[in-house]
Amino acid sequence: QVQLVESGGGLVQAGESLRLSCVVSGVIVSLYHMGWYRQAPGKQRELVAEITRGGNRNYADFVKGRFTISRDSTKNAVYLQMNSLKPEDTAAYYCRAQLWQSDIWGQGTQVTVSS
């Protein structure tokens with residue numbers, strides 16, 4: 001059974017950092033297109049960052065220079081390092097794995113940034 005488990009969320013002050021983890025079981029993470037998404041209350045879910053099977057990274061404009069996505073094949077996990085957090089980064093953050101018609105989401109982890 002494929003499972004994505006996120007962790008690392010929490011309450012921080014503006015300017016601080018958090019590192020989110022997405023541990024994957026049931027599939028090999030390096031074979032999948034992996035992404036981090038977020039959804040704030042009353043808003044649509046949006047892409048934050050993604051890493052392709054080939055290792056290419058793409059970021060939403062609102063996180064460029066602040067967030068970094070990485071992948072660890074030995075731990076079968078994907079990470080999101082978030083620096084210089086802003087109150088507008090407050091949202092539930094979700095991990096997603098895609099390969100052909102396979103599309104799997106984690107349960108999410110909450111990030112709250114106070115001003």
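Scope of this entry: the structure provided in the associated data block. (Residues numbered from 1 in each chain as written. Predicted model: local features only at pLDDT ≥ 70, side-chain atom pairs only at ≥ 80, totals over all residues. Heavy atoms only, no water.)

So, the state of the cysteines
Here the structure, examined in full by the defined rule, presents 1 disulfide. Note on cysteine connectivity: Cys 22 is disulfide-linked to Cys 95, with sulfurs 2.1 Å apart. Where Cys 22 bonds to Cys 95 through sulfur, the torsion about that S-S bond is close to -85 degrees, and the disulfide is left-handed. Taken together, the residues span a long stretch of sequence, with Cys 22 in strand β3 (residues 18-25) and Cys 95 in strand β9 (residues 91-99) at a distance of 73 residues. Residue Cys 22 is classed as buried on the basis of its relative accessible area of 0%. On the accessibility criterion, Cys 95 (0% relative accessible area) is buried. (Disulfide = S-S within 2.5 Å. Helix = DSSP H or I, 4+ residues; strand = E, 2+ residues; numbered from the N terminus. Buried < 20%, exposed > 50% of the residue type's maximum accessible area, 1.4 Å probe, protein only.)

Looking at the sheet that holds strand β7 (residues 67-72)
If you walk across this open sheet you meet the 4 strands as β1-β3-β8-β7, and the pairing is antiparallel. The two strands at the open ends of the sheet, each matched to only one other strand, are β1 (3-7) and β7. Direction aside, the axes of adjacent strands within the sheet are offset by 15 degrees on average. Pairing between β7 and strand β8 (residues 77-82): 6 bridges, direction antiparallel. Paired with Thr 68 across the two strands is Gln 81, which belongs to β8. (Pairing = 2+ DSSP bridges. Axes fitted to C-alpha atoms, helices over the stretch in contact; angles between N-to-C directions.)

Looking at the pattern of salt bridges
With the rule as written, the count across this model stands at 5 salt bridges. Its salt-bridge partner being Arg 66, residue Asp 89 comes within 2.7 Å of it at the nearest N-O pair. Of the two residues, Asp 89 sits in the loop between β8 and β9 while Arg 66 sits in the loop between β6 (57-59) and β7, which places them 23 residues apart along the sequence. The same class applies to Asp 89 and to Arg 66, which are both buried. (Salt bridge = Lys/Arg side-chain N within 4 Å of Asp/Glu carboxyl O.)

With respect to the packing of aromatic side chains
Scanning the model with the defined rule gives 1 aromatic pair in all. Sitting over the ring of Tyr 79, Arg 19 keeps its end group 4.0 Å from the ring centre. The residue whose ring lies beneath Arg 45 is Trp 105, and the NZ or CZ to ring-centre distance is 4.6 Å. (Phe/Tyr/Trp six-rings, centres within 6.5 Å; stacked < 30°, edge-to-face > 60°. Lys NZ or Arg CZ within 6 Å of the ring centre and 35° of its normal.)

Remarks on the nonpolar core
Of all hydrophobic cores here, the largest spans 30 residues; its most connected members are Met 34, Trp 36, Leu 80, Met 82 and Tyr 93. Where this core is concerned, the elements lending two or more residues are β3, β4 (33-39), β5 (46-51), β7, β8, β9 and β11 (109-114). (Core = buried A, V, L, I, M, F, W, Y, C linked by side-chain atoms within 4.5 Å.)

Re unusual backbone geometry
The backbone phi angle of Asn 76 is positive, close to 50 degrees, even though this residue is not glycine. With respect to the helices and strands, the residue Asn 76 is situated in the loop between β7 and β8.

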